[in-house]
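# Chains, contacts and geometry: an overview
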Amino acid sequence: MTTTVTNRVMITGKAKLAGVMGWPIGHSRSPRLHGYWLAQYGIDGAYVPLAVAPDRAEQAIRALPALGFRGCNVTVPLKEIAFRTVDLLDPVARRMGAVNTIVVDEDGALVGGNTDGFGFLENVKAGCPDWSAERGPAVVVGAGGAARAVVVALLDAGAPEVRLINRTAARAEELAADLGADPGAGLGSDPATTGRVTVVDWVSRETALDGAGLLVNTTTQGMAGQPPLDLRLDALPVSALVNDIVYAPLETPLLAAARARGNPVVDGIGMLLHQARPGFQAWFGVEPQVTPDLTRFVLEG
Ligand code: ATR
């Protein structure tokens, strides 16, 4: 089915400007996503792709106020450079060590935020309204930038325990040490446990599923062209929610396996859509909605 967007307005000389900065940027679905909302809400604005090489990213970010941009999203591989370049960081971005949303404030200062964890949680809650982070341990597979955002979001939402499994244990341990420290709880005697984040060895990863309330894949495994995530689900309670942040394909082998054994599943496209909401609201002044029509439109692109 082809989705059409009505209410398209041409931009004027007063158009509000924002965009997405990354390298490369041609694959990004964000211009299509924000363009849909601009048209839907009849806003005189533009959201453009900004192809910026890493060695010029600082210069480009600093130029946003001079160019009259209200801000921009930042994507791979520039999120850490943005973190180091902005004038002010919000507390979530500070903990994540990465910035995906920049807002130019009234004084022209660059304010860095990170909405990836917000997008993850909003997607999971929208897809499975009965789920709550507080209800049980969460298992997160992977320890890259996406995992960092997911773990912060789960801890902030009150997850009692986050079990982290990653092929390279050192990366998981670093993430646990950075994020898991919980001054109130004290450290357990197990050296692999740091506050509420527990690192489980890759070889014993299947045991981490026992008693879990949520399983999230943040690795590249299961993406089109990649092998499926190598994880047997036998120990996972059938009540556990399974989410994959991969959205191409929408139904990854992990989600198909989880669905076949009766687990509730939530696919990954909503994380992209929901993470975009705070930036759109800050730049264009409207709180945008994620709808089935928007989801179809973005997936068709
Ligand atoms: P991002 O920032 O998008 O999360 P990343 O930093 O490249 O991306 O992280 C990719 C994740 O996929 C990592 O957790 C990586 O595991 P390693 O830290 O061991 O590299 C995981 N990953 C990639 N290929 C994998 C594979 N074949 N098996 C298991 N995990 C894999």
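This section reports on the structure supplied with the text. (Residues numbered from 1 in each chain as written. Predicted model: local features only at pLDDT ≥ 70, side-chain atom pairs only at ≥ 80, totals over all residues. Heavy atoms only, no water.)

Time to look at the pairing of strand β1 (residues 16–22). Here β1 lies mainly inside the structure; 5 of its 7 residues are buried. Strand direction decides the pairing type here: β1 and strand β2 (residues 45–51), joined by 7 bridges, are parallel. Within the sheet, the bridge partner assigned to Lys-16 lies in β2 and is Gly-45. Where β1 and strand β3 (residues 71–74) come together, 2 bridges link them in parallel fashion. By the bridge assignment, Val-20 is partnered in β3 with Asn-73. (Buried < 20%, exposed > 50% of the residue type's maximum accessible area, 1.4 Å probe, protein only. Helix = DSSP H or I, 4+ residues; strand = E, 2+ residues; numbered from the N terminus. Pairing = 2+ DSSP bridges.)

This brings us to the sheet that holds strand β6 (residues 110–113). Pairing in this open sheet of 6 strands is mixed, and the strands run β2-β1-β3-β5-β6-β4 from one edge to the other. In the strand order of this sheet, the two ends are held by β2 and β4 (88–89), each with one partner. Of the strands in this sheet, β1, β2 and β3 touch helix α1 (residues 30–40), which is tilted by about 175° from β2. Along the sheet, helix α10 (residues 277–284) contacts β1, β2, β3 and β5 (101–104); its crossing angle with β5, the most-contacted strand, is approximately 15°. (Contact = heavy atoms within 4.5 Å. Axes fitted to C-alpha atoms, helices over the stretch in contact; angles between N-to-C directions.)

On to the site of the ligand, then. Around the ligand lies a shell of 13 residues, among which Gly-145, Asn-166, Arg-167, Thr-168 and Arg-171 are the nearest. Here Arg-167 contributes a side-chain N or O atom positioned 2.8 Å from an oxygen atom of the ligand. Within the contact set of the ligand, an oxygen atom lies 2.9 Å away from a side-chain nitrogen or oxygen of Arg-171. Within the complex, 69% of the 650 Å² of free accessible area of the ligand lies under protein. Here the shell around the ligand is composed, by residue class, of 3 nonpolar, 8 polar and 2 charged. (Near = heavy atom within 4 Å. Polar contact = N/O pair within 3.5 Å; in protein donor to acceptor, adjacent residues only side chain to side chain. Areas by Shrake-Rupley, 256 points an atom, 1.4 Å probe, with all protein chains shown as cover. Nonpolar A, V, L, I, M, F, W, Y, C, P; charged D, E, K, R; others polar.)

These figures capture arrangement, not role.
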